[in-house]
Every structure is written in structure tokens, then in C-alpha cells.
Amino acid sequence: MTSPTILIYEDHFLSQHLLAASLKSLGFQNVLIANSHADAIERVKTEKEITVLICTVTSADMRELNFLREARECGNIDSLLLISDASPDIRVALAQLARHAGYTLLGILRRPYSKADLHTAIAGYRSKRALGPSMPLFEMPSADDIGRAACNGEFVPYYQPKLDLCTLEVVGAELLMRWQHPELGLLGPAAFIEVAKHFNHLDTMTFSVLEQALNFIGTQQLGDRFKLSVNIDAAQLKDLSLHKRIRNLLAAQKFRPANLVIEITETGFLEFPEACLENLIHLRMLGCEVSIDDFGTGLSSLQRVCELPCTEIKLDMSFTKALLKNNRSVAAVEHMVKFSNDIGVQLVAEGIETEEQLNMLQKLKCPIGQGYLFSAPVCGEKLMRWMAERKTGRLLKTN
Ligand code: C2E
Ligand code: MG
Ligand code: MG
């Protein structure tokens, strides 16, 4: 077998030469070094195939991410090996990004790494090639990891409160899944949702955290107005038994369907419109609410709202972020307030982080909102403590 062509893209002169020397001592003779972004792109374009691209991603400056995207577009790269000292959650997100960009990821090495680590990672390209395109499993949770975590009850509900922006009264909470990982600590959905979906675990995980949340919220004295929102992935909506399983769970937990909001992203509808619609109609008939999440980021947003039996629209947080910088965003929110009123649907602004954004949304008469200004997602106990402290007027936000 011919020696693989390995391209090193690493800014630091000493590191690149140490790495090249290690590779050569491991028997990899065909090692190329790129000193700059332009040099690396040129190499990718001129080589017939780069067997392994080794790229260092520094946490201070993530410009290598642009390089990875560009390199993928302009050349023939078989596998990717990253070197990064970033935190565990960023490393998991990097692995996701590499997969989305179409790379076969051999691993993410943390410095200092041994020659043996380097060898094992690089040698992986042969088995990956033999197996064909596959998930980059290094540093990503495997099906077994997720199955084990689900059995151990490591997936837990976190909650972010939703407030009436006029009275600042809490009107509900969004359930956001977290993985209480025994070694890595608390992980957000970016670290595991895609993998869970790939291995068909997401449904079990959703029902597990939803059951925990219904149980917890159902036993607090939160009043009839308080609604729990749950995110349901489009892939789950294609299963026509979904609405029955939700109905059974609500009945078993003695939770009023009217107090449950099903949040789905509009892009999901495009994939399985018929099954989605059928499930949503059943859920509405049962009494649940239906919310369109991240509204304004997908295609044909308004068309979707007209077609779907939704009771709520959640404006994507990009609108909130742009409110103070961009007059057009102000106009967009203003129109969304009017539109939602006209069609009798509740409007929620996501991602409120500052008093200024809150003031602007109040001025525009946006009725409901959530965001870090009030509270980040927190565990159930913390949510209850926060609500109790607010009642005594001590706090506006948690953390
Ligand atoms: P989402 O449903 O749109 O949830 C809002 C996301 O924005 C959450 O991220 C939340 O922590 C974050 N966020 C809230 N307020 C602010 C703010 O003021 N500023 C900023 N920058 N961010 C804010 P998180 O928890 O990482 O969840 C990300 C996405 O993962 C969610 O987006 C949802 O699509 C998905 N997800 C979360 N839990 C579940 C779940 O149980 N099932 C499914 N299928 N998806 C879930
Ligand atoms: Mg949501
Ligand atoms: Mg959202």
C-alpha cells in the first residue's frame, strides 16, 4: 500500500516540525506542511488526494473552521485529524461540525499527546476507509454510551422560564434536555442530540425527560396558567404512534393536556408533512398546544404558520439580538406582533439577554419572552427557588 499523504496545517513553526518528525518516525513518509491558510488551500487544490489532513484548532481564534470548510469544498480529503485544547463541549461540537462538513474524523487530540496516540489516530484512516463513510465516533458518544446513559437516568430535564413581558409573571417553562455525564459534567443538546437521533435513541430520551418533567412540574403548585413546553424533533413526528404515547404519558402522570406545549421547528414539517400534520392534529384535539420554534430561520415561514394547527410562534433569537441594531428587525417584530394577534396565536420572543432588549420588546407589545436576562435553563429545584425568590421581590434573574 502506498504511503498516505498527510497535510499538516499548523501555524506554529516548532509544533508543525515536531509533528512532521513524529509522523516520519512512525513510518509516514509523505508529509506536507502548510504555513498559512493560503498555502494550505493551495496544497489541497494541487494534491490529487490528501489522505489525512491534520489541523490545529486553537480556542482563542477559530479561523481554522473557515479553512476546514473551504478545504472540503476545493479538494479531495479523505480523513481529518484535529488537534485542540478546547473544552469537552466545544470538542464535541467540533466533531459535529466536521461531520456536517462531510469529513471522516479520525479524532481530536489534546496536547500533549503521545506518539502512540498520534499513530492510533492516523492508522484509523484505513479501517474508516474499509468501512466506508461513517460517523466520527472519536470523542462523540457512541450508541452504547447513550444507551447506558439513558438506563442510568443521566438525561435530565432543565427548565427555562417563560414570562409575560407586560407583568413579568412566569407563565411556563421550556424543558431543555441535559446530559449529566459522569466524567464530562453537564452537556447541552449540541453534544448529543444528533448522535442520539442517528442511533434512534432520541425518542426514548425525550419520553424519559418528559416523564421526569411532568412528574416534577405536576407536583408543584404552579397554577392553571403555567405551561410546560417540550421540544419534539421532526423525526419523532413521523411516527404516527407519537400522539398516543404522549396521551398515555399525560394520563399516567395526571397532567392536563392543555398545560403541555409541543415545540417543533418548522424545517421539520418539510420532511414528513403528512405524518407531522396527523400527529399535530391529534395532539391539538387532545388539548395540547403546538408551537413553531425558531420561527423566521427556515423557508416559507408564513406559509407554514397558515398550514399548521399551531397556537404559538417562537421568534428566533436572532430577531431579539438584532432589535437594537437593525430597524428592519424592529419592523419585523412589530409586524409579527400584529400578525400573531390577527390570527389568534401567541408570540414568544427567545433569547432576551438585556434590559434594553426587554424594553424594546415591551414597547413593541410582544406578549411573552424568555432568555438569560430572566434565567438560563436550570434544574427543577433551582427553577422553584428562583420563582419563590422573585415572589418576594428579591431577584429579576437567577445567575
Ligand atoms: P430551542 O428549543 O430553540 O431552545 C432555546 C435554546 O436557546 C436553548 O439552548 C437555550 O439554552 C438557549 N437560550 C435561552 N435563552 C438564551 C439567551 O438569552 N441567549 C442565548 N444565546 N441562548 C439562549 P439549548 O438548551 O442548548 O438547546 C438547543 C436546542 O436543542 C434547542 O433549541 C432545541 O432545539 C434542542 N433541544 C433541547 N432539548 C431538547 C429535547 O429535549 N428534545 C429535542 N428534540 N431537542 C431539544
Ligand atoms: Mg424550543
Ligand atoms: Mg428556539
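Each value, and the rule that gives it
Residues numbered from 1 in each chain as written. Chains lettered and ligands numbered in written order. Predicted model: local features only at pLDDT ≥ 70, side-chain atom pairs only at ≥ 80, totals over all residues. Heavy atoms only, no water. pLDDT = per-residue confidence, 0-100. Contact = heavy atoms within 4.5 Å. Donors = N, O, S within 2.8 Å, 3.2 Å for Na, K, Ca; no water. Buried < 20%, exposed > 50% of the residue type's maximum accessible area, 1.4 Å probe, protein only. Helix = DSSP H or I, 4+ residues; strand = E, 2+ residues; numbered from the N terminus. Pairing = 2+ DSSP bridges. Polar contact = N/O pair within 3.5 Å; in protein donor to acceptor, adjacent residues only side chain to side chain. Axes fitted to C-alpha atoms, helices over the stretch in contact; angles between N-to-C directions. Domains from an automatic or database assignment. Buried area = accessible area lost by both parts, 1.4 Å probe. Salt bridge = Lys/Arg side-chain N within 4 Å of Asp/Glu carboxyl O. Phe/Tyr/Trp six-rings, centres within 6.5 Å; stacked < 30°, edge-to-face > 60°. Lys NZ or Arg CZ within 6 Å of the ring centre and 35° of its normal.

> Just checking my understanding: could you explain the confidence of the model for the protein for this structure?
When pLDDT drops low, the exact placement of atoms in the prediction is not to be read closely. Predicted confidence across the protein gives a mean pLDDT of 86, with 91% of residues reaching 70 or more. Contacts of residues 127-138 to residues separated by more than four positions or lying in other chains number 20 contacts, the stretch itself having pLDDT below 50.

> What is the right way to read the coordination of the magnesium ion (ligand 3) from this model?
Reference geometry at the metal: tetrahedral coordination by four donors gives ideal angles of 109.5 degrees; octahedral coordination by six donors gives 90 or 180 degrees. Asp293 (OD), Asp294 (OD), Glu350 (OE) and Glu350 (OE) make up the full set of protein donors to the magnesium ion (ligand 3), lying at 2.1 to 2.4 Å. Mapping the donors of the magnesium ion (ligand 3) onto the primary sequence gives the spacing D-D-x55-E. The distance between the magnesium ion (ligand 3) and the magnesium ion (ligand 2) comes to 4.0 Å, with aspartate 293 serving as a donor to both metals.

> Hey, could you run me through the pairing of strand β1 (residues 6-9) in this one?
Side chains on a regular strand alternate between the two faces of the sheet. Burial of β1 is two-sided: the residues Ile6 and Ile8 facing one way and the residues Leu7 and Tyr9 facing the other way are all buried. Both β1 and strand β3 (residues 50-57) contribute to a ladder of 4 bridges, which runs parallel. In the sheet register, isoleucine 6 faces β3, and the bridge partner there is valine 52. Direction of pairing for β1 relative to strand β2 (residues 31-34): parallel, over a ladder of 4 bridges. Of the residues in β2, the one forming a bridge with isoleucine 6 is valine 31.

> Sorry if this is basic, but what is going on with the side chain of glutamate 312 here?
Inspection of the secondary structure puts glutamate 312 in strand β12 (residues 312-315). One polar contact links glutamate 312 to glutamine 346, side chain to side chain, over a distance of 3.0 Å. If near-sequence neighbours (up to four positions away) are discounted, glutamate 312 is found in contact with Lys162, Val261, Glu263, Val290, Ser291, Ile292, Val345, Gln346 and Val348.

> Looking at this model, I keep getting lost on the sheet that holds strand β5 (residues 104-109). Mind explaining?
In a beta sheet, neighbouring strands are held together by backbone hydrogen bonds and run either parallel or antiparallel to one another. One open sheet accounts for 5 strands, arranged β2-β1-β3-β4-β5; its pairing is parallel. Pairing within the sheet leaves two strands with one partner each, and these edge strands are β2 and β5. Strand-to-strand, the axes of this sheet are offset by a mean angle of 20 degrees, without reference to chain direction. Here helix α1 (residues 13-25) sits on the sheet in contact with β1, β2, β3 and β4 (77-84), set at roughly 170 degrees to β2. Strands β1, β3 and β4 of the sheet are contacted by helix α3 (residues 64-74), whose axis makes an angle of about 165 degrees with β3.

> Mind showing me how you'd approach the domain arrangement of the protein here?
A common measure of how large an interface is: the accessible area buried when the components associate. With domains assigned, the protein is organised as domain 1 (6-131) and domain 2 (138-393). Each of domain 1 and domain 2 was reduced to a C-alpha centroid, and the two centroids are 37 Å apart. Across the boundary between the two partners, domain 1 contributes 11 residues, which contact 9 residues of domain 2. For the pair domain 1 and domain 2, the summed buried area comes to about 920 Å², and 63% of that belongs to carbon and sulfur atoms. For the domain 1 face of the interface with domain 2, the top three residues by lost area are Pro88, Val92 and Gln96, together amounting to 45%. Inspection of the region where domain 1 meets domain 2 yields 0 salt bridges. Linking domain 1 with domain 2 are 0 residue pairs in polar contact (both at pLDDT 80 or more), by the criterion used here. When contributions to the side of domain 1 that touches domain 2 are tallied by element, the ones reaching two or more residues are α4 (88-100) and β5. Per-element tally for the side of domain 1 that touches domain 2: the top contributor is α4, with 8 residues.

> Help me understand the packing of aromatic side chains in this model?
Here the distance between the centres and the angle between the planes together describe a pair of aromatic rings. The tally for this structure, following the rule as stated, stands at 5 aromatic pairs. With a centroid separation of 6.0 Å and 85 degrees between ring planes, the pair formed by tryptophan 179 and phenylalanine 192 is classed as edge-to-face. You can see tryptophan 179 sitting in strand β7 (residues 170-181) and its partner phenylalanine 192 sitting in the loop between β8 (185-187) and α7 (193-198), a full 13 residues away along the chain. Both residues of the pair, tryptophan 179 and phenylalanine 192, count as buried. Through pairs of rings, three or more aromatic residues link up here, namely Phe155, Trp179 and Phe192. For arginine 72, the ring lying beneath its charged end belongs to tyrosine 103, and the centroid distance is 5.2 Å.

> So what exactly am I meant to see when it comes to unusual backbone geometry here?
Along the chain, arginine 111 connects to proline 112 via a cis peptide bond; the corresponding omega equals -5 degrees. The backbone of asparagine 200 shows a phi angle near 60 degrees, a positive value even though the residue is not glycine. Structurally, asparagine 200 is set in the loop between α7 and α8 (202-218). Despite not being glycine, aspartate 294 shows a phi value in the positive range, around 50 degrees. Note on aspartate 294: relative accessible area 25%, which makes it partly exposed.

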